[in-house]
Amino acid sequence: MPAKGKHRRPKSQRFTRSIAVAGTGGAALALPLMGATGAHAATPAAAVSTVPEKTAENVAQNVSEKTITAAPAAAQKSGTRTYAVRAGDYLSKIADDQNVTGGWKKLYSDNRAAVGSDPSLIHPGLKLTIGKKAATAATQSSGKSTQTTESKAAPTTESKTTQSADTASSSGYGLPVSGATVGTGYKVAGSMWSSGYHTGVDFVVPTGTTIKAIAAGTVVSAAYDGAYGNEVVIQHADGQYSQYAHMSQLSVSAGQTVTEGQQLGLSGATGNVTGPHLHFEIRTTPNYGSDVDPVAYLRSHGVAVG
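If you're wondering where the values come from, they're calculated on a predicted model, not measured in any experiment.

1. Concerning the overall build of the chain
Link 1 in the chain: For the chain, the helix and strand inventory stands at six helices and 13 strands.
Link 2 in the chain: Classification of the 306 residues of the chain by burial places 33% in the buried group.
Link 3 in the chain: A separation of at least 24 residues holds for 60% of the contacts in the chain among residues at least 6 apart in sequence.
Link 4 in the chain: With an accessible surface of roughly 17100 Å², the chain has 59% of that area assigned to carbon and sulfur atoms.

In structure tokens:
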């Protein structure tokens, strides 16, 4: 019996320990498994709720960035640019220098609203659109041109009386520029002139000096004319014509009636020149080759020429 008791007791103790071990082992195994399962189950749930938010934010940022960068790209693709007319410019020269496809006619067509009806009459500071025609730019340029014309008209009208008082004589004639001296005189010989002599007189004035009509008359032409650059030709009541050449800016147009002392434009150095001055002629016709002595003509009308 004692032997059996001793034999049974160890079995009972082993059974108890094995249950405890099993219980402990089960707990040890269960707790980590439950913890791991919980952790793994929570992670996908968090991922599902977080990833769509980040994706939406990234997409929104990408779209915003692309939208911002798209504007400059679109502007570059348009190929348009603005050119400010400078002294001595004319449409064919600008078209050649700026490589305008279609030449000066295309340039004029795209900027007709800004230039006006006479393609040869452009002024320094005028904004021209080069490239694809932009209706808005043309409209704005037209508005600026109108404003410029209106703003110039008032000072010109107000200054007529003063200009006339300075240069007019009782016969209604005056000097084409105020306070200028004569440089190269009439009939001076030289191989640089196609006729072999100087067909007018040169008044030495800096660029930007106001050029005025010597008497009332009608503008026959106001345009760029080769070696003469920007010029104006006026027919007067006595049938003679006065010519004003190498101007940097024209303020009148063909067909316009002008009064003595009225501004015709600004002096410059356009055409075939070595420096800024006013080339002035008196002619019996509006054409080259019909010149007469301009100083003698002015003096015959009571104008003192220094």
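2. What about the packing of aromatic side chains?
Link 1 in the chain: In this structure the tally under the stated criterion is four aromatic pairs.
Link 2 in the chain: Ring centres of Tyr173 and Tyr297 lie 6.0 Å apart, and the angle between their planes is 75°; this geometry places the pair in the edge-to-face category. Of this pair, Tyr173 sits in the loop between helix H5 (135-167) and strand S3 (181-182) while Tyr297 sits in helix H6 (residues 294-300); the two residues are 124 residues apart in sequence, bridging distant segments of the chain. Considered together, Tyr173 and Tyr297 belong to a single accessibility category, that of buried residues.
Link 3 in the chain: When the ring of Tyr228 is compared with that of Tyr288, the centres are 6.5 Å apart and the planes differ by 55°; the resulting orientation is tilted. With Tyr228 in the loop between strand S6 (217-224) and strand S7 (230-236) and Tyr288 in the loop between strand S12 (278-283) and strand S13 (291-292), the pair connects residues that are 60 residues apart, well separated along the chain.
Link 4 in the chain: Among the residues examined, Tyr288 registers a relative accessible area of 42% and is labelled partly exposed.
Link 5 in the chain: One aromatic cluster in this structure is built from Phe203, Tyr244 and Phe280.
Link 6 in the chain: In this arrangement the basic side chain of Lys187 is found over the ring face of Tyr197, its NZ or CZ atom lying 4.2 Å from the centre.

3. A closer look at the sheet that holds strand S5 (residues 210-212)
Link 1 in the chain: Across the sheet, which stays open at both edges, the three strands sit in the order S5-S11-S9 with antiparallel pairing between neighbours. Both edges of this open sheet fall to S5 and strand S9 (249-250), since each of them pairs with a single strand only.
Link 2 in the chain: Sheet topology places S5 next to strand S11 (residues 263-266); three bridges connect them, and they run antiparallel. The partner of Ile211 across the bridge, within S11, is Gly265.

4. A look at the nonpolar core
Link 1 in the chain: By size, the foremost hydrophobic cluster in this structure holds 30 residues, and its most contacted members are Ile214, Val232, Tyr244 and Phe280.
Link 2 in the chain: Secondary-structure elements contributing two or more residues to this core are strand S4 (201-204), S6, S7, strand S8 (241-247), S12 and H6.
Link 3 in the chain: Apart from the residues lying within four places of it in its own chain, the contact partners of Phe280 are Pro176, Gly200, Val201, Phe203, Ile214, Ser242, Gln243, Tyr244, Pro294 and Leu298.
Link 4 in the chain: Counting residues in each nonpolar core, the second largest holds 14 residues, with Ile94, Ala95, Ala114 and Leu126 among its members.

5. Looking at the environment of Val177
Link 1 in the chain: Tracing the chain through its elements places Val177 in the loop between H5 and S3.
Link 2 in the chain: For Val177, a relative accessible area of 0% corresponds to the buried category.
Link 3 in the chain: Spatially, the C-alpha atoms of Val177 and Gly261 are 9.1 Å apart, while their sequence positions differ by 84 residues.
Link 4 in the chain: The residues contacting Val177, other than those within four sequence positions of it, are Phe203, Val205, Thr209, Thr210, Ile211, Lys212 and Leu278.

6. Observations concerning the pattern of salt bridges
Link 1 in the chain: One pass over the full model with this rule turns up three salt bridges.
Link 2 in the chain: As a salt-bridge pair, Lys106 and Asp110 come within 2.4 Å of each other at their nearest N and O atoms. Of this pair, Lys106 and Asp110 both sit in helix H3 (residues 103-110), four residues apart, roughly one helical turn.
Link 3 in the chain: For Lys106, a relative accessible area of 31% puts it in the partly exposed group.
Link 4 in the chain: For the salt bridge of Glu281 with Arg283, the shortest nitrogen-to-oxygen distance reads 2.8 Å. This pair shows no difference in class: Glu281 is buried, exactly as Arg283 is.

Rules used throughout
Residues numbered from 1 in each chain as written. Predicted model: local features only at pLDDT ≥ 70, side-chain atom pairs only at ≥ 80, totals over all residues. Heavy atoms only, no water. Helix = DSSP H or I, 4+ residues; strand = E, 2+ residues; numbered from the N terminus. Buried < 20%, exposed > 50% of the residue type's maximum accessible area, 1.4 Å probe, protein only. Contact = heavy atoms within 4.5 Å. Areas by Shrake-Rupley, 256 points an atom, 1.4 Å probe, with all protein chains shown as cover. Phe/Tyr/Trp six-rings, centres within 6.5 Å; stacked < 30°, edge-to-face > 60°. Lys NZ or Arg CZ within 6 Å of the ring centre and 35° of its normal. Pairing = 2+ DSSP bridges. Core = buried A, V, L, I, M, F, W, Y, C linked by side-chain atoms within 4.5 Å. Salt bridge = Lys/Arg side-chain N within 4 Å of Asp/Glu carboxyl O.

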